[in-house]
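Breakdown of the fold
Listed below are the residues making up each chain.
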Amino acid sequence: MHPIKHFAVITRHRHMVIAHCIKAGIPWRGLMHDLSKYSPTEFFRGARYFVGTRSPNEIERAEYGYSLSWMHHKGRNRHHFEYWVDYDPKTKLSGPVKMPLKYVIEMFCDRMAASKIYNPATYNDRLPLDYFLSGKGRRVIHPETSELLESLLTLVATDGEEAAFRRCRELLKVGKY
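All of the points below concern the structure found in this document. (Residues numbered from 1 in each chain as written. Predicted model: local features only at pLDDT ≥ 70, side-chain atom pairs only at ≥ 80, totals over all residues. Heavy atoms only, no water.)

When helices and strands are counted, the chain shows nine helices and two strands. Tracing the chain from N to C terminus, the helices and strands come up as α-α-α-α-α-β-β-α-α-α-α. In terms of overall dimensions, the chain is globule-like: its C-alpha atoms have a radius of gyration of 16 Å, near the 16 Å expected for 177 residues. Taken over the C-alpha atoms alone, the chain extends approximately 45 × 45 × 30 Å along its principal axes. (Helix = DSSP H or I, 4+ residues; strand = E, 2+ residues; numbered from the N terminus. Rg over C-alpha atoms; globule rule 2.2 N^0.38 Å.)

Given below as C-alpha cells:
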C-alpha cells in the first residue's frame, strides 16, 4: 500500500490539469477535476495498486476482471467519454452520446496531463495523440467527440500546446463543435 505516493501522483496530475484548463478557458472544470479520486472508494484502491508508471485501475482490473475504482470514477466525472453512454429510445440500445464541449476540452487537458505525469522521461508533443490513436478501434465514443479530441491532440503534435489551447478558447467562444 502506497498512500503517500498515490496521493502525490494524483495531486500532481490534478494540479497540471487545473493549469491546462485555465489555459484552455475552463478554469472551473480544472478546479473540479477528479475530486472523486480522493474518495475512499477510489483513493484506497489507488493506493493499494499504485506502481507509479501506470493506472492502478489497470492493475485492479487485471486482478479481478474489473475495476471498482474505475466504475466509481467514470460514473462521477463527465470528462470521461465512458460517462456519456445512454439508452437510445429509438434504437432500444445503449450507445455513445455527443459530449458537451467543456467536458471534451477537460478530457483533452486530462490526457495531456496524464501523458506528462506518467511518462516524464519520454514525453513529447506526439505522445498523447499516439496513445489516443492506439486505442481508437476499441473505443465506444461518439464520432464527433472523437474527432474533436483527435483534432486537438493532432494540433498539439503539429503546432504545440499553445495552439491547441488557443483552439479550445476559440471553440468555447462559439459554444459548439
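From this point, the discussion proceeds with the structure in view.
When we look at burial in helix 3 (residues 40-48), the residues that qualify are Glu 42, Phe 43, Gly 46 and Ala 47. Summarising the axial view, the buried residues of helix 3 lie within an arc of 120°, below the 170-degree limit, and thus occupy one face. (Buried < 20%, exposed > 50% of the residue type's maximum accessible area, 1.4 Å probe, protein only. Arc of directions from axis to C-beta.)

Each packed pair of helices is defined by two parameters, the angle between the axes and the distance between the axes. Where helix 6 (residues 101-118) meets helix 8 (residues 143-159), the closest approach of the two axes is 10 Å, and the angle between their N-to-C directions is 45°. One element, helix 6, and the other, helix 8, form an angle in the oblique class. The interaxial crossing formed by helix 6 with helix 8 has right-handed handedness. Counting all contacts with helix 6, which are made through Leu 101, Val 104, Met 107, Phe 108, Arg 111 and Met 112, the residues of helix 8 involved are Thr 145, Leu 148, Leu 149, Leu 152, Leu 153 and Val 156. (Axes fitted to C-alpha atoms, helices over the stretch in contact; angles between N-to-C directions. Parallel < 35°, antiparallel > 145°, perpendicular 65-115°, else oblique. Left-handed = near helix turned anticlockwise from the far one by under 90°. Contact = heavy atoms within 4.5 Å.)

This part is about the side chain of His 73. Topologically, His 73 is positioned in helix 5 (residues 68-74). In this structure the side chain of His 73 is engaged in a polar contact, spanning 3.0 Å, whose partner is the side chain of Asp 34. Within the structure, His 73 has its side chain in polar contact with the side chain of Ser 36 (distance 3.1 Å). Setting aside chain neighbours within four positions, we find His 73 in contact with Asp 34, Ser 36, Lys 37, Glu 42, His 79 and His 80. (Polar contact = N/O pair within 3.5 Å; in protein donor to acceptor, adjacent residues only side chain to side chain.)

The subject of this paragraph is the environment of Glu 82. Tracing the sequence through the fold places Glu 82 in the loop between helix 5 and strand 1 (85-88). Residues Glu 82 and Cys 21 lie 61 residues apart in sequence; the distance between their C-alpha atoms is 20 Å. Dropping the residues within four chain positions of it, Glu 82 is found in contact with Trp 70 and Lys 74.

Core analysis: the largest hydrophobic core is formed by 30 residues, its most contacted members being Met 99, Ile 105, Phe 108, Cys 109 and Leu 153. For this core, the secondary structure elements donating two or more residues are helix 1 (3-24), helix 6, helix 7 (127-134), helix 8 and helix 9 (161-174). Of the residues forming this core, the biggest block, nine residues, is contributed by helix 6. Leu 153 has contacts with Phe 108, Met 112, Pro 128, Leu 129 and Phe 132, leaving out every residue within four places of it along the chain. (Core = buried A, V, L, I, M, F, W, Y, C linked by side-chain atoms within 4.5 Å.)

As far as function goes, none of this settles anything; it's purely spatial.
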